[in-house]
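Each chain is listed here by its residues.
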Amino acid sequence: MAQKDQLDRESFSCSICLDLLKDPVTIPCGHNYCMSCIKGFWDGEDQRKIYSCPQCREAFTPRPVLKKNTMLAALVEQLKKTGLQAAPADHCYAGPEDVACDFCTGRKLKAFKSCLVCLASYCENHLQSHYESPTFKKHKLVEPSKKLQENICSRHDEVMKIFCRTDKKSICYLCTMDDHKGHDTVPAAAERTERQRELEVSRLNIQQRIQHREKDVKLLQQEVEAVSLSADKAVEDSEKIFTQLIRLLQKRSSDVKQQIRSQQETEVSRVKELQEKLQQEITELKRKDAELKQLSHTEDHNQFLHNYPSVSQLSEPTDSSSINIRPLRYFEDVTAAVSELRDKLQDILRDKWTNISLAVTEVDVLLSEPEPEPEPEPEPKTRAEFLKYSREITLDPNTANTWLLLSDGNRKVEWTYQQQSYSSHTDRFTDHQQVLSRESLTGRCYWEVEWRGLAVYVAVAYKNISRAGSESLFGRNDKSWSLYCVTNGCVFCFNNISTPVSGPGSSRVGVYLDHRAGILSFYSVSETMTLLHRVQTTFTQPLYAGLWVYGSTAELCKVK
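By the naming in an unreviewed UniProt entry, the protein chain is Tripartite motif-containing protein 16-like, taken from Scomber scombrus.

Novice: I'd like a rundown of the confidence of the model for the protein chain, residues and numbers included.
Specialist: Averaged over all residues, the pLDDT of the protein chain is 83; the fraction at 70 or higher stands at 88%. Looking at the elements of the protein chain, mean pLDDT is at its lowest for helix 1 (residues 2-11), recorded as 51, and at its highest for strand 15 (residues 434-436), recorded as 97. In the model, residues 1-7 has pLDDT below 50 throughout and makes four contacts with residues more than four positions away in sequence or in other chains.

Novice: Which residues make up the sheet that holds strand 9 (residues 169-171), and what values do they have?
Specialist: Spatial ordering of the open sheet is given by 9-8-10, a layout of three strands whose pairing is antiparallel. Both outer strands of the open sheet, strand 9 and strand 10 (185-187), are each paired with one neighbouring strand and no more. Strand-to-strand, the axes of this sheet are offset by a mean angle of 35°, without reference to chain direction. The strands touched by helix 5 (residues 188-244) are strand 8 (162-164) and strand 10; relative to strand 10, the strand with the most contacts, the crossing angle is about 90°.

Novice: Kindly report on the UniProt feature "coiled-coil region" (unreviewed entry) in the protein chain, identifying the contributing residues and their values.
Specialist: When the UniProt feature table is mapped to this numbering, "coiled-coil region" (unreviewed entry) covers residues 261-298. What you have in residues 261-298 is 95% helix and 0% strand, and the ends, taken at the C-alpha atoms, are 55 Å apart.

Novice: Any chance you could break down the pairing of strand 22 (residues 529-536) for me, citing the residues and the numbers?
Specialist: Where strand 21 (residues 519-525) lies against strand 22, seven bridges are found, and the strand directions are antiparallel. When the bridges of strand 22 are listed, leucine 520 appears paired with valine 535. Following strand 21, the chain reverses through three residues before pairing antiparallel with strand 22.

Novice: I'd love a proper account of the pattern of salt bridges, names of residues and values included.
Specialist: Enumeration according to the criterion identifies 28 salt bridges in this entry. A salt bridge links glutamate 143 to lysine 113; the nearest nitrogen and oxygen atoms lie 2.9 Å apart. Placement of the pair is glutamate 143 in the loop between strand 7 (141-142) and strand 8 and lysine 113 in strand 5 (residues 113-115), with a sequence separation of 30 residues. Glutamate 143 gets classed as partly exposed once you look at its relative accessible area, which sits at 45%. Exposure remark for lysine 113: the relative accessible area of 17% places this residue in the buried category. Between arginine 213 and glutamate 281 there is a salt bridge, with its nearest N and O atoms 3.5 Å apart.

Novice: Would you mind going over the packing of helix 5 against helix 7 (residues 301-312) in detail, with residue names and values included?
Specialist: Angle between the axes and distance between the axes are the two parameters that describe a pair of packed helices. Running from N to C, helix 5 and helix 7 cross one another at 50°; their axes reach a closest spacing of 10 Å. One way to sum up the angle between helix 5 and helix 7 is to call them oblique. Helix-helix and strand crossings are classified by hand; for helix 5 and helix 7 the assignment is left-handed. Taken together, the residues of helix 7 that come into contact with helix 5 (itself represented by Ala188, Ala189, Glu191, Arg192, Arg195, Gln196, Glu198 and Leu199) are His301, Asn302, Phe304, Leu305 and Tyr308. Its residues placed into classes, the contact of helix 5 with helix 7 shows six nonpolar, three polar and four charged.

Novice: Can you explain the pairing of strand 18 (residues 489-494)? Please cite residues and give values.
Specialist: One ladder, built from six bridges, connects strand 17 (residues 480-486) with strand 18; its direction is antiparallel. Counted as the bridge partner of cysteine 485 is cysteine 490 from strand 18. By the bridge criterion, five bridges tie strand 18 to strand 19 (residues 497-501) in an arrangement that is antiparallel. Among the inter-strand pairings, phenylalanine 494 is bridged to a residue of strand 19, identified as isoleucine 497. The hairpin formed by strand 18 and strand 19 contains two residues between the paired strands, and asparagine 495 there has a positive phi angle of roughly 55°.

Novice: I'd love a proper account of helix 2 (residues 35-43), names of residues and values included.
Specialist: Among all positions of helix 2, only Cys37, Ile38, Phe41 and Trp42 are buried. Considered in projection along helix 2, the buried side chains sweep an arc of 125° and stay on one side of the axis.

Novice: Requested: an account of the sheet that holds strand 5, with residues and values cited.
Specialist: One open sheet accounts for three strands, arranged 6-5-7; its pairing is antiparallel. Only two strands of the sheet have a single neighbouring strand rather than two, namely strand 6 (120-122) and strand 7. Summarising the sheet, strand 5 and strand 6 pair through three bridges and their orientation is antiparallel. Its bridge partner lying in strand 6, cysteine 115 is registered against alanine 120.

Novice: Please give an account of the state of the cysteines that cites residues and values.
Specialist: Every disulfide links exactly two cysteines, by a covalent bond between their sulfur atoms. Using the criterion set out here, one finds zero disulfides in the structure. Take cysteine 175: it sits in no disulfide, and the sulfur closest to it among the cysteines is that of cysteine 172, at 3.6 Å.

Novice: Before we move on, could you go through unusual backbone geometry and cite the residues and values that matter?
Specialist: Working note: non-glycine residues mostly have negative phi, and peptide bonds are mostly trans. Cis geometry marks the peptide bond from threonine 61 to proline 62, where omega comes out at 5°. Structurally, the position occupied by proline 62 is in the loop between strand 4 (59-60) and helix 3 (70-82). One non-glycine residue, asparagine 410, adopts positive backbone phi at about 60°. As for its placement among the helices and strands, asparagine 410 is situated in the loop between strand 13 (404-407) and strand 14 (412-415).

Novice: Describe in detail the packing of aromatic side chains, supporting the description with residues and values.
Specialist: This structure, assessed with the given rule, holds 21 aromatic pairs. Ring geometry for phenylalanine 386 and tyrosine 512: centres 5.5 Å apart, planes at 80°, overall edge-to-face. Of this pair, phenylalanine 386 sits in helix 9 (residues 383-387) while tyrosine 512 is found in strand 20 (residues 508-514), placing the two residues 126 residues apart along the sequence. A single burial state applies to phenylalanine 386 and to tyrosine 512, both of which are buried. With centroids separated by 4.7 Å and ring planes inclined at 75°, the aromatic side chains of tyrosine 457 and tryptophan 548 adopt a geometry described as edge-to-face. Highlighted residues: tyrosine 457 in strand 16 (residues 444-462) and tryptophan 548 in strand 23 (residues 543-556), separated in sequence by 91 residues. The structure contains a cluster of three or more aromatic residues connected by ring pairs, namely Phe41, Trp415, Tyr417, Tyr457, Tyr484, Trp548 and Tyr550. Directly above the aromatic system of phenylalanine 112 lies the positively charged group of lysine 113, at a separation of 5.9 Å from the ring centroid.

Conventions used here
- Positions within a chain are numbered from 1, following the residues in the order the chain's sequence is written.
- Predicted model: local features are reported for residues with pLDDT of at least 70 only, side-chain atom pairs are reported and counted for 80 or more only, and whole-chain, interface and lining totals are derived from all residues.
- Side-chain measures were taken over the full set of non-hydrogen atoms in the model, leaving aside hydrogen atoms and water.
- A score between 0 and 100, pLDDT records how confident the predictor is in each residue.
- Helix and strand assignments follow DSSP, with helices taken as H or I runs no shorter than four residues and strands as E runs no shorter than two, numbered in order from the N terminus.
- Only heavy atoms enter the contact rule, under which two residues are in contact if any of them lie within 4.5 Å.
- Any two strands with at least two DSSP bridges between them are considered paired.
- Geometry is summarised by axes, namely lines fitted to C-alpha atoms with helices restricted to the contacting stretch, and by angles between N-to-C directions that run from 0 to 180 degrees.
- UniProt positions are given in the numbering used here, feature names are shortened, and annotations may be inferred rather than shown by experiment.
- The rule for a salt bridge is simple: a side-chain nitrogen of Lys or Arg has to be within 4 Å of a carboxyl oxygen of Asp or Glu.
- For each residue, the accessible area found with a 1.4 Å probe, counting protein chains only, is set against the maximum for its type, and the residue is called buried under 20%, exposed over 50%, and partly exposed in between.
- Convention used here: angles under 35 degrees read as roughly parallel, angles over 145 as roughly antiparallel, angles from 65 to 115 as roughly perpendicular, and any remaining angle as oblique.
- Should the near helix be turned counterclockwise from the far one by less than a right angle, the crossing is left-handed, whereas a clockwise turn marks it as right-handed.
- Residues are sorted three ways: Asp, Glu, Lys and Arg are charged, Ala, Val, Leu, Ile, Met, Phe, Trp, Tyr, Cys and Pro are nonpolar, and all the rest, Gly among them, are polar.
- Comment: arc refers to directions from the helix axis out to C-beta atoms.
- The term disulfide is used for any two cysteine sulfur atoms that are within 2.5 Å.
- A pair of Phe, Tyr and Trp rings is counted when the ring centres sit within 6.5 Å of each other, with Trp represented by its six-membered ring. The angle between the planes then sorts it: under 30 degrees is stacked, over 60 is edge-to-face, the rest tilted.
- Consider the ring centre and the ring normal. A charge sits over the ring if Lys NZ or Arg CZ is within 6 Å of that centre and within 35 degrees of that normal.

Okay, structure coming up:
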């Protein structure tokens with residue numbers, strides 16, 4: 001059913017705005033568009049006096065007169081109201097482990113969303129009123145949950161939307177008038193925001209500690225190898241020297257060998273013990289990070305706040321040490337002392353034996369307290385601070401769609417009416433008019449895009465994003481993040497989910513990336529920097545800047 005619904009919606013969607021047709025019109029070539037979309041597109045072609053179809057590019061002269069397609073409009077309205085009524089497949093029905101729709105009669109369908117205001121779960125059909133009716137506009141929809149009743153106050157039978165900081169528990173508004181009167185109370189959403197911020201700081205701290213501990217483990221392993229190599233050489237040299245002393249020095253030779261091995265075992269044991277402790281701490285930190293990540297995705301505020309105190313506690317870091325790197329002499333002094341003893345023979349042996357023994361026991365891997373872990377760098381605030389991280393970026397012709405023209409040293413891209421004769425390449429986008437940068441982006445980077453025309457996507461993507469099909473469009477998969485910009489506004493897109501961005505549109509967009517911290521921010525650039533949308537995630541590959549244009553031009557700016 002889902003596949004058929006998707007097909008029907010695409011059949012009744014405008015290829016310019018990608019939404020269901022509004023006031024649909026059919027132009028002479030037979031393609032359908034929203035009346036406002038095709039009018040806006042042709043308004044941009046008035047100077048050329050040639051009007052073309054955005055899909056098949058058939059040209060018309062003079063400008064066609066647009067009339068509403070009443071039959072198509074009726075079909076779209078019917079689709080909006082009823083959706084598809086085909087019988088659902090067996091896998092769409094709720095099983096024992098699934099959350100069932102509270103409004104289905106007979107055999108219940110799986111719930112698609114749960115409402116924290118209605119405290120009920122809905123299948124896709126029964127959820128339509130939440131999308132269409134203004135009454136439900138402010139309701140909070142979350143992933144299906146069986147724990148909705150835990151949001152009800154057991155005393156007053158009201159929804160718990162308030163958090164009491166004094167007693168550290170969720171309460172309803174009636175609780176603030178009796179048991180919790182005078183307490184420090186805030187909306188649960190506000191408390192969740194505060195704790196979420198603390199959670200992200202904790203995760204960043206854990207990740208930094210993991211990196212430092214892994215570095216310490218590597219240094220300690222190198223120290224183990226160095227101690228062992230030096231000890232082996234000292235034993236070899238000592239045996240050669242003591243062999244020359246024949247029987248007279250055989251006993252002493254055995255004693256020295258035993259003492260060296262004993263000290264070697266002691267030092268290696270110390271290093272490996274510390275190495276094991278650090279490895280255990282790394283494992284525990286990774287486990288804690290996974291718990292915090294799972295908690296951060298919890299959409300139910302009360303569940304989040306209920307579990308937060310137990311999960312957010314971090315154990316004190318192990319009182320570990322890091323290697324103080326400096327030139328060291330391990331058992332070399334033993335070799336020197338034995339050589340000297342060989343020259344002076346038995347009459348000097350009694351006086352020098354103490355020196356040999358002392359040289360062995362003085363071998364020590366010097367360990368010091370670890371250096372303080374660096375504080376995370378703050379995000380830039382002003383444009384001057386952003387420009388410290390500016391990157392010169394160019395576009396890769398091997399990725400450009402054939403309806404795009406690159407210019408200005410491959411920094412500018414333009415949507416054209418004439419297909420370009422680019423050579424065949426596996427990196428080229430075939431179904432969408434988009435292009436990637438030549439340079440990969442890691443670390444902290446900033447760049448700006450200036451555009452004009454109908455619409456543009458300002459995006460970042462992994463190198464392995466699809467090059468063909470609907471899933472190759474920026475923001476319609478889990479390998480790209482994009483800001484869709486038109487004259488009067490913006491929409492953020494990721495993994496085929498669109499999020500409206502408040503505020504007016506912007507003809508100059510700044511993009512800030514902190515790859516290691518997992519931060520991606522889009523800004524409207526003018527006299528001030530206005531944040532449009534911010535992403536906090538984990539990037540697993542280098543990123544590439546991307547541009548999609550339609551009836552537009554876009555340029556990667558040279559910033560100073």
